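# Structural overview for review
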Number of protein chains: 2
Amino acid sequence: MTIWKLAARAEKMNPSVLREILKVTERPGIISLAGGLPSPRTFPVEAFAEACAEVLRDDGPAALQYAASEGYGPLRQAVADMLPWTVDPAQVLITTGSQQGLDLVAKVLLDPGSRVLVETPTYLGALQAFSPMEPTPVAVASDGEGVVVEDLVAQARATAAPDSAETAPLPDAAPRPGSASAAQRAREAARFIYLVPNFQNPTGRTMSEARRAAVSAAAAAAGLPIVEDNPYGELWFDQAPPLPLTARNPEGCIYLGSFSKVLAPGLRLGFLVAPKAIYPKLLQAKQAVDLHTPIFTQRMVMAVLKDDFLARHVPSIRALYKRQRDAMVTALRREMAGLDVRFEVPAGGMFLWLRLPEGIDTVALLPEAVERGVAFVPGAPFYAGEGDARTLRLSFVTASVAQIDSAIAALADTLRGRLARHAAARVERELAGT
Amino acid sequence: MTIWKLAARAEKMNPSVLREILKVTERPGIISLAGGLPSPRTFPVEAFAEACAEVLRDDGPAALQYAASEGYGPLRQAVADMLPWTVDPAQVLITTGSQQGLDLVAKVLLDPGSRVLVETPTYLGALQAFSPMEPTPVAVASDGEGVVVEDLVAQARATAAPDSAETAPLPDAAPRPGSASAAQRAREAARFIYLVPNFQNPTGRTMSEARRAAVSAAAAAAGLPIVEDNPYGELWFDQAPPLPLTARNPEGCIYLGSFSKVLAPGLRLGFLVAPKAIYPKLLQAKQAVDLHTPIFTQRMVMAVLKDDFLARHVPSIRALYKRQRDAMVTALRREMAGLDVRFEVPAGGMFLWLRLPEGIDTVALLPEAVERGVAFVPGAPFYAGEGDARTLRLSFVTASVAQIDSAIAALADTLRGRLARHAAARVERELAGT
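Residue positions are given per chain, counting from 1 as you read along its sequence in written order. Following the order in which they are written, the chains are lettered starting with A and the ligands numbered starting with 1. For a predicted model such as this one, the threshold for reporting local features is a pLDDT of at least 70, and the threshold for listing and counting side-chain atom pairs is 80 or more; totals across whole chains, interfaces and linings nevertheless cover every residue. Each side-chain value is derived from all of the structure's non-hydrogen atoms; neither hydrogens nor water enter the calculation.

## What about helix α3 (residues 45-64) of chain A?
Three or four residues apart is the spacing at which side chains of an α-helix point the same way, because the helix has 3.6 residues per turn. The following threshold applies: A run of H or I in DSSP becomes a helix once it reaches four residues, and a run of E becomes a strand once it reaches two; helices and strands are each numbered from the N terminus. A helix's residues, less one, multiplied by 1.5 Å, set its expected span. Throughout, bend refers to the angle between the axes fitted to the seven residues that end at a position and the seven residues that start at it. When a residue's accessible area, from a 1.4 Å probe over protein chains only, is under 20% of the maximum for its type it is buried; when over 50% it is exposed; and in between it is partly exposed. Residue contacts are defined here by distance: any two heavy atoms, one from each residue, within 4.5 Å place the two residues in contact.
When the terminal C-alpha atoms of α3(A) are compared, their 21 Å separation across 20 residues is substantially less than the 28 Å that a helix rising 1.5 Å per residue should span. Of all bends in α3(A), the biggest is about 90 degrees, found at A:Asp58, and the proline A:Pro61 comes one to four residues later. Among the residues of α3(A), those classed as buried are A:Val45, A:Ala47, A:Phe48, A:Ala51, A:Cys52, A:Val55, A:Leu56, A:Gly60, A:Ala63 and A:Leu64. Each element contacted by the buried residues of α3(A) is listed here: α12 (295-305) and α13 (309-335) of chain A together with α3 (45-64) and α12 (295-305) of chain B.

## Topic: the nonpolar core
It is characteristic of soluble globular proteins that their nonpolar side chains tend to be buried jointly. Worth spelling out the cut-off: Only buried Ala, Val, Leu, Ile, Met, Phe, Trp, Tyr and Cys residues count toward a nonpolar core, and they belong to the same one when joined by side-chain atoms within 4.5 Å.
Judged by nonpolar contacts, the single largest core of 170 residues is most densely connected at A:Ile254 and B:Ile254. Judged by nonpolar contacts, the second largest core, of 81 residues, contains A:Leu56, A:Ala63, B:Cys52 and B:Phe271.

## Re the packing of helix α5 (residues 98-109) of chain A against helix α11 (residues 279-290) of chain B
Selection rule: Axis definition: a line fit to C-alpha positions, over the contact stretch in the case of helices; interaxial angles, taken between N-to-C directions, run 0 to 180 degrees. Any angle that falls under 35 degrees is termed roughly parallel, while one over 145 is termed roughly antiparallel, one within 65 to 115 roughly perpendicular, and all others oblique.
α11(B) packs onto α5(A) with a crossing angle of 105 degrees between their chain directions and a minimal axis gap of 5 Å. By the angle class used here, α5(A) and α11(B) are roughly perpendicular. Taking contact as the criterion, the partners of A:Gln99, A:Gln100 and A:Asp103 in α5(A) are, on α11(B), B:Gln287, B:Ala288, B:Val289 and B:Asp290.

## Some words on the environment of B:Phe237
All names here are of chain B. Inspection of the secondary structure assignment puts Phe237 in the loop between β8 (226-229) and α10 (245-248). Given the relative accessible area of 8%, Phe237 is considered buried. In this structure, the C-alpha to C-alpha distance between Phe237 and Pro346, residues 109 residues apart in sequence, is 9.1 Å. When residues no more than four places from it in sequence are discounted, the contact partners of Phe237 are Arg318, Tyr321, Lys322, Arg325, Pro346, Ala347, Gly348, Gly349 and Phe396.

## Considerations on the relation of the copies chain A and chain B
What counts is decided by this rule: Least-squares fitting of one copy onto the other uses the C-alpha atoms of those residues that reach a pLDDT of at least 70 in both copies.
Between chain A and chain B, which share one sequence, the superposing operator has a rotation angle of 180 degrees and an axial displacement of 0.0 Å; the RMSD is 0.0 Å. In the structure described here, the two chain copies are related by an operation that fits a two-fold rotation axis. Closest approach to the rotation axis within chain A is made by the C-alpha atom of A:Cys52, at a distance of 3.3 Å. A share of 100% of interface residues in chain A that are also interface residues in chain B marks the association as one of identical surfaces.

## Focus on unusual backbone geometry
With an omega of 20 degrees, the peptide bond between A:Asn201 and A:Pro202 qualifies as cis. Mapping A:Pro202 onto the fold places it in the loop between β7 (192-195) and α9 (209-222). The peptide bond linking B:Thr120 to B:Pro121 adopts the cis configuration, its omega dihedral lying at -10 degrees. Following the sequence through the fold, B:Pro121 ends up in the loop between β3 (115-118) and α6 (124-130). With a phi close to 65 degrees, A:Leu291 is a non-glycine residue in the positive phi region. Summarising the element assignment, A:Leu291 is placed in the loop between α11 (279-290) and α12. A positive phi angle, close to 60 degrees, is found at B:Asp307, a residue other than glycine. Secondary-structure assignment places B:Asp307 in the loop between α12 and α13 (309-335).

## A word on the interface of chain A and chain B
Definition in use: Salt bridge, as used here: a side-chain nitrogen of Lys or Arg that lies within 4 Å of a carboxyl oxygen of Asp or Glu. A 3.5 Å cut-off defines polar contacts: any pair of N or O atoms within that distance qualifies, except that in protein one atom must be a possible hydrogen donor and the other a possible acceptor, and neighbouring residues in sequence count only when both atoms are side-chain atoms. Charged means Asp, Glu, Lys or Arg here, nonpolar means Ala, Val, Leu, Ile, Met, Phe, Trp, Tyr, Cys or Pro, and polar covers whatever is left, Gly included.
With 94 residues of chain A at the interface, the matching set in chain B holds 94 residues. The interface formed by chain A and chain B includes two salt bridges. With its nearest N and O atoms 2.6 Å apart, the salt bridge here joins B:Asp103 to A:Lys107. Where chain A touches chain B, the interface holds 30 residue pairs in polar contact (both at pLDDT 80 or more). For the side of chain A that touches chain B, the per-class residue count stands at 54 nonpolar, 20 polar and 20 charged.

## Section: the side chain of B:Arg418
Tracing the backbone shows B:Arg418 in helix α15 (residues 401-433). Look past the residues within four positions of B:Arg418 in its chain and what remains in contact with it is B:Ile360, B:Ala364, B:Leu365 and B:Glu368.

## Quick word on α9(A)
Residues and elements named next belong to chain A. Between its terminal C-alpha atoms α9 stretches 20 Å, which fits the 20 Å expected from 14 residues at 1.5 Å a residue. Inspection of α9 places Arg211, Arg212, Val215, Ser216, Ala218 and Ala219 among the buried residues, and these make up the whole buried set. Among the structural elements, β5 (142-143), β6 (146-147), α7 (149-156), β7, β8 (226-229) and α10 (245-248) are those in contact with the buried residues of α9. Following α9 by one or two positions, Gly223 has its phi on the positive side, about 65 degrees.

## A closer look at the sheet that holds strand β11 (residues 351-355) of chain A
All names here are of chain A. Our working rule: Think of it this way: DSSP has to see at least two bridges between two strands before they count as a pair.
Judged by pairing direction, the sheet is antiparallel, and its three strands sit side by side in the order β11-β14-β13 without closing on themselves. Across the chains shown, the open sheet's two edge strands, defined by having one partner strand only, are β11 and β13 (377-378). Alignment of β13 against strand β14 (residues 391-395), held across two bridges, turns out to be antiparallel. By the bridge assignment, Pro378 is partnered in β14 with Leu392. Along the sheet, α13 makes contact with β11 and β14, crossing β11 at roughly 15 degrees.

As structure tokens, then:
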């Protein structure tokens, strides 16, 4: 018997479906297209080594002392300067990875039962970050250009209470001010919509300029806040993506950014930009969770950023990832020919999203692919609602071009094998029927 | 009009009382005994510089890549090896400062209304970390040796429901499995007791061996989990404190530790040790909040720790802090002579706790002290229940010995001034009464 009584939110926490699924991929010799790991070839190891030495030499004690919860002043200024709209550094909060930004947003904006709108499919880590606050994620219909505006508007609205007894005011043992049941919250207007407009994880899709304009206008008209997550925006291949949604209406958006994809993820350094109306609440939540993000890594990155380092460094990441995307697209077109496998060519980022022929369940296919030496992520767990079992996510940035070639060939073999067995089973059923 | 609807927990977040109070201390020339900052003289800047260079040279890409949510394997092993009871490294979770451990514990163990027992007074940052989960902190009576066992036992119990209509089963619009109102939770057994047994913040007191044995036995008998926070335990002056409570009953305790006071706080590196019964839930919560603690700083610290660095380094911190404690005690005895100021001499740590004469409110005294060039932290905000307005906290580790001397003299002046005005007012009232 345990003495530990869990909080209700913890009772509902389950081991990540994805983690469980991916356990089969943990064996030597597998080429993994499953991970979301940036290529370590892009990490500026030398620049970091110089930065560490410089920071400790010039201001060691300050770089190792407790620091402000808001973040390192010069880094907040640098973030404000980097962004393509007018940002007051006082609105910038440095976070321990942009994942922490999602945790803070959830703490400050979500009650149990609150509806939060997400894309179809959406970033799984966001669903996980929101989950402890027990909201109700609602999938908004999405197409190749992003969320569908009509469905966004419909889902944003408060829903009319059904005409039944349960709408009567409820007695409560000890009503707390502002308290409401989860059921009541589920009828309120959605608290915000969470969007990854650039090279989205998992689909790789980018929201078009026209769609951004329409989404921004519709959200503003509906009074629907936007939480815009942009970890991949700098990783464009041919042209920069359209302006962020936040640039169009800064008072109505929280913007999350990260140094993980342009410098290195192992420092866990991200930021958010929030309107003055809610910045103080996010700051208080931040202070309570870890006092502040490590000041040493903030100063390290600030030392790396000077002399316009990113302007020289990021183009080399873009070029590498573009070559790898091209290799994957070429391999897919060659190996999957005639197999009714659908995909869009991503214009940047790290991921490519496949839809396999009818009747294929990628969760069931994964162990067979692993047998042939390749791993991917099944797509269904990325959906807030019912998942599309035919989808899967491939990363084109971690493996080498040669590995991509053989991995896609192995994946096509796997699929052919499965399809042949489906066909054989169909023939058998037909014979049995005669 | 704002479109941002806050979560109920965020509506209740208020700017830290302490932050507001301490704003008066933010002026140049003040000697601050208010902060909780370790002396930067103790930061091993050289060792860190070597460690950074080594980590980046030997394994740069891995030190900059995404890493495991549990923490860096060798560091988890080192933590397990450091602790004075048998710890399986699989039970160690590396956290972004031990403050994050408090956030994770609250997420996993506290529901709205859950009672959580704390010392009188207690660490303010813990109250802040727990607060977003909306528990009800309950102050357990405490004396110079720690919490009073009888009160602990009384407060740990589930309280009988009062014989009134509100105990009847309540209708609910949409009962969720496991749901209960905050009022119901307030009658349940307390979820855990939070204790800082060594050189506590803010009082500096240490729980005696006899008290530890009694608290451990009473908590185990009552089925009350213990969350033991030990950031200061290594900072002992004459002898090591008694064994942690967790060592006496590892299955009934979560232990939080930190590298902030033995190496440097600016890396935000802490850890927790949890029983296997709840480790997976804490890990899931950790993964959702920041994926993992920066791997670069984990590897840096691991590189510093080798060759038994702490065994050479920590004694120099102890010696420095002991000299500074002695200086403060000497100055207090000299300057406060005859003023009815009470304090215990702390046997380690960073803080000394004063109780001023009757009638003095340290919140009101602070601006007068700042006028005379010295800052402290008023004690009342550290209490979960009603605060003792006569108390204040002094840090003896940030200021130099010379600064401590003049700061204590200035504080004594301030107090004498205030007492003289009290006396004058009393005389005036008496004259008016005649």
